[in-house]
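What follows is each chain in one-letter form.
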Amino acid sequence: MSVTLLVADSVWSDIESTGTVTEEQLSILHFLFGKNLEKATRIIDKRGVKKISGLPSGRSIFQVVGESQKREEYLCFPGDYCGCYSFFYDVVSRGEQQCCKHQLAARLASSLGTYSEIEVSDENLALMLSKI
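Residues numbered from 1 in each chain as written. Predicted model: local features only at pLDDT ≥ 70, side-chain atom pairs only at ≥ 80, totals over all residues. Heavy atoms only, no water.

## Remarks on the pattern of salt bridges
Point 1. Inspection of every chain in the model, using the stated rule, returns six salt bridges.
Point 2. We note a salt bridge from glutamate 16 to arginine 107, for which the minimum N-O separation is 4.0 Å. Residue glutamate 16 is found in helix H1 (residues 3-18), and its partner arginine 107 is found in helix H5 (residues 101-112); the two are separated by 91 residues along the sequence.
Point 3. Measuring nitrogen to oxygen at the nearest pair gives 3.0 Å for the salt bridge that ties glutamate 73 to lysine 50. (Salt bridge = Lys/Arg side-chain N within 4 Å of Asp/Glu carboxyl O. Helix = DSSP H or I, 4+ residues; strand = E, 2+ residues; numbered from the N terminus.)

## Looking at the sheet that holds strand S4 (residues 81-82)
Point 1. Reading across the sheet, the five strands line up as S4-S3-S2-S1-S5 and stay open at both edges, with mixed pairing between neighbours. Looking along the sheet, the strands with just one partner apiece sit at the ends: S4 and strand S5 (116-121).
Point 2. As paired elements, strand S1 (residues 49-55) and S5 share six bridges and run parallel to each other. The residue bridging glycine 54 from the neighbouring strand is valine 120, located in S5.
Point 3. Across the sheet, H5 lies against S1, strand S2 (60-65), strand S3 (73-77) and S4, angled at about 120 degrees from S2, the strand it touches most. (Pairing = 2+ DSSP bridges. Contact = heavy atoms within 4.5 Å. Axes fitted to C-alpha atoms, helices over the stretch in contact; angles between N-to-C directions.)

## Quick notes on the pairing of S1
Point 1. Within S1, five of the seven residues are buried, which leaves it mostly tucked inside the rest of the structure.
Point 2. Here five bridges tie S1 to S2, and the two strands are oriented antiparallel to one another. Counterpart to serine 53 in the pairing with S2 is serine 60. (Buried < 20%, exposed > 50% of the residue type's maximum accessible area, 1.4 Å probe, protein only.)

## Some details on unusual backbone geometry
Point 1. For the bond running from leucine 55 to proline 56, omega is 15 degrees, close enough to zero to count as cis.
Point 2. Residue placement: proline 56 occurs in the loop between S1 and S2.
Point 3. A positive phi angle, near 60 degrees, is found at arginine 47, a position not held by glycine.
Point 4. Topologically, arginine 47 is positioned in the loop between helix H3 (35-45) and S1.

## With respect to the packing of aromatic side chains
Point 1. Under the counting rule described, the total for this entry stands at five aromatic pairs.
Point 2. Where tyrosine 81 meets phenylalanine 88, the ring centres are 6.0 Å apart and the plane angle is 75 degrees; that geometry is what we call edge-to-face.
Point 3. Looking at phenylalanine 88, the relative accessible area reads 41%, which means it is partly exposed.
Point 4. Judged by centre distance (5.5 Å) and plane angle (80 degrees), the ring pair of phenylalanine 87 and phenylalanine 88 falls under edge-to-face.
Point 5. Given a relative accessible area of 6%, phenylalanine 87 falls into the buried group.
Point 6. In this structure an aromatic cluster arises from ring pairing among Tyr81, Phe87 and Phe88. (Phe/Tyr/Trp six-rings, centres within 6.5 Å; stacked < 30°, edge-to-face > 60°.)

## Section: the state of the cysteines
Point 1. Under the definition given, this model contains zero disulfides.
Point 2. The thiol of cysteine 99 is not disulfide-bonded; the next cysteine sulfur, from cysteine 100, is found 6.6 Å away.
Point 3. With a relative accessible area of 8%, cysteine 99 lands in the buried category. (Disulfide = S-S within 2.5 Å.)

Here it is as structure tokens:
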């Protein structure tokens, strides 16, 4: 794991423990993630993060709205995967970013509890995941 992600994980843990984010924590995250953090906070402000949980297993994935005019929704595992173009291009292919704005939005919303929750059957969740 990179130093960037270790520092970020420490900040995420602090945010989760208090349920709030300080200016100092935002400053650290902005230093680590730059413009992607700014975009992620805009997504959260627009209530663009949903947590979709399967029942009865409790397994979950996030669905995050993009900022484009199309308002596309991307399935996202905050630490591992996003279905957006930027994830594949900037994170996976070029390695220029640690994560995309959708992953950051999902992680920050998860830490703060500021997401909409949707419950579906495990079968429906599996169907959604099969389309990734």
